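Spelled out, the chains give:
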Amino acid sequence: MRSFQLLALLSSVPLLFASQVPAQPSAPPIPPAPAIAAGAYLLLDFNSGQPLASNNLDQRVEPASLTKLMTAYLTFSALRQKMIRPDQAVPVSVLAWRAEGSRMFIEPNKPVTVAELLRGMIIQSGNDASIALAEAVAGSEEVFAQMMNREAQRLGMKNTNFVNATGLPQPQHYSTAYDLALVAAAIIRDFPEYYPLYSQKEFRYNTISQSNRNRLLWTDPTVDGMKTGYTENAGYNLITSAKRGERRLISVVLGAASESARAAESQKLLNYGFQFYDGVRLYAKSQPVATLQVFKGAASAVKAGFLSDLYLTLPKGQGEKLKATIESLQPLLAPISVGQRIGTMKLSLDGKPFREVPVVALENVPLAGLFGRGWDALRLLFR
């Protein structure tokens, strides 16, 4: 691999930091994350995907009702694909009606719509609603669980296995703090039209009003979701998302001692992340960051960059200490297509390795003619 000093970074990044992150050359090191009273936890920056604090993030645990995030994700997908409709009446099976644990109190002979079931699952955490939605989407909860596992793999949830749509305890039903953060982020990213359901504080169905169990919706105005969970074995779980300015953080707290404890520990994580870290957009989508040499192509060079905005999360006051180089995959041989990986951006902070990001082609480079390919073949022989 050939290294190139990233000259574009040296001129453009200070401008970005100047507008987004006040320069603090002598800023002291940030403090460590606060002690969190939970079996496992994770604080994730939504834009950059960087973990800011964690413990036991890959430890398999019982997710309890956090399972319903995946149930919701698949339901949102079915709605977008028009497999089901929000106003569609869903028959209530005996299995759904007799669901144990938290319920929205649907009944076999009373019509209920997909929209009502979604609110019953998200706001009231109804197990009956979750089963009814699974049956509406897949025909049965068993088939729906298979769909959940396929989607989990696609999202990169490598330490997760679902057996049901509710989170009721089963020996082979498990997930991790990291995997649960992935599905939470996927809902926010992929279904912004449905995400506001997670901020609704109360829902009334069948003459019964139930409040959202996420206490932070009442105490922190920047919190706008997401989901609670509890079983005797799992303890008290809470995934929370908060947005302050342009930044969004996701906290995952698993195995807390009480409802109040899971809320307090989540608040500690969120406050820490917002107070001691900054988020910056380093490069915009499709912005060229370098031009790399190409052999045997109709063009002799290709523009390199990223197909989506590149965000970084940095300790406050450390932006000026960020440096970068690009390592190009050499020799680059045509044909090259948009999105093809052609190098790696290596970022260092204060002289220490910080992050590596794939760099891709921003344009197609077709093969050159016979003469051009032959000439480049000779050039490569003598490199």
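In case you missed it, the structure is sitting above this.
Residues numbered from 1 in each chain as written. Predicted model: local features only at pLDDT ≥ 70, side-chain atom pairs only at ≥ 80, totals over all residues. Heavy atoms only, no water.

Engineer: How should I be thinking about the nonpolar core in this particular structure?
Structural biologist: Within soluble globular proteins, side chains that are nonpolar tend to cluster in buried spots. Grouped together as the largest cluster of nonpolar side chains are 62 residues, with contacts concentrated most on M70 and F76. The greatest single-element share of this core, amounting to ten residues, is contributed by helix α7 (residues 177–190). Aside from chain neighbours lying at most four places away, what touches F76 is L118, I122, I187, F191, Y194, L197 and Y198. The next biggest cluster of nonpolar side chains, apart from the first, holds 27 residues, and it includes L292, F306, L314 and L349. (Core = buried A, V, L, I, M, F, W, Y, C linked by side-chain atoms within 4.5 Å. Buried < 20%, exposed > 50% of the residue type's maximum accessible area, 1.4 Å probe, protein only. Helix = DSSP H or I, 4+ residues; strand = E, 2+ residues; numbered from the N terminus. Contact = heavy atoms within 4.5 Å.)

Engineer: Please clarify how the sheet that holds strand β7 (residues 235–244) should be interpreted in this entry.
Structural biologist: Two modes of strand pairing occur in sheets, parallel and antiparallel, and in both the strands are linked by backbone hydrogen bonds. If you trace the five strands from one edge of the open sheet to the other, you get β3-β2-β8-β7-β6, paired in antiparallel fashion. Two strands in the sheet have a free side with no partner beyond their single neighbour: β3 (51–55) and β6 (223–231). Strand-to-strand twist in this sheet, taken as the mean axis angle between neighbours without regard to direction, amounts to 5°. Relative to strand β8 (residues 247–256), strand β2 (residues 40–45) runs antiparallel, the two being bridged by six bridges. Of the residues in β8, the one forming a bridge with L43 is S251. Here α7 sits on the sheet in contact with β2, β6, β7 and β8, set at roughly 140° to β8. (Pairing = 2+ DSSP bridges. Axes fitted to C-alpha atoms, helices over the stretch in contact; angles between N-to-C directions.)

Engineer: Please clarify how unusual backbone geometry should be interpreted in this entry.
Structural biologist: In terms of backbone geometry, most residues other than glycine have negative phi values and most peptide bonds are trans. In this model, G225 is joined to M226 through a cis peptide bond whose omega is 25°. Residue placement: M226 occurs in strand β6. Look at the link from Q330 to P331: it is a cis peptide, with omega at 0°. The residue P331 is located in the loop between β13 (322–328) and β14 (341–349) in this model. The backbone phi angle of A64 is positive, close to 55°, even though this residue is not glycine. Take A64: it is sitting in the loop between β3 and α2 (68–80). Phi at K82 is positive, roughly 60°, even though this residue is not glycine. By relative accessible area, K82 is classed as exposed at 70%.

Engineer: I tried to follow a nonpolar patch on the surface on my own but got confused; where do I start?
Structural biologist: Taken together, the side chains of L378, L381 and F382 make up a nonpolar region of the molecular surface, amounting to roughly 400 Å² of accessible area. Checked against the element boundaries, L378 lands in helix α10 (residues 370–381). For L378, a relative accessible area of 45% corresponds to the partly exposed category. (Patch = residues over 30% accessible without salt bridge, like charges linked within 9 Å, V, L, I, M, F, W, Y side chains within 5 Å. Areas by Shrake-Rupley, 256 points an atom, 1.4 Å probe, with all protein chains shown as cover. Salt bridge = Lys/Arg side-chain N within 4 Å of Asp/Glu carboxyl O.)

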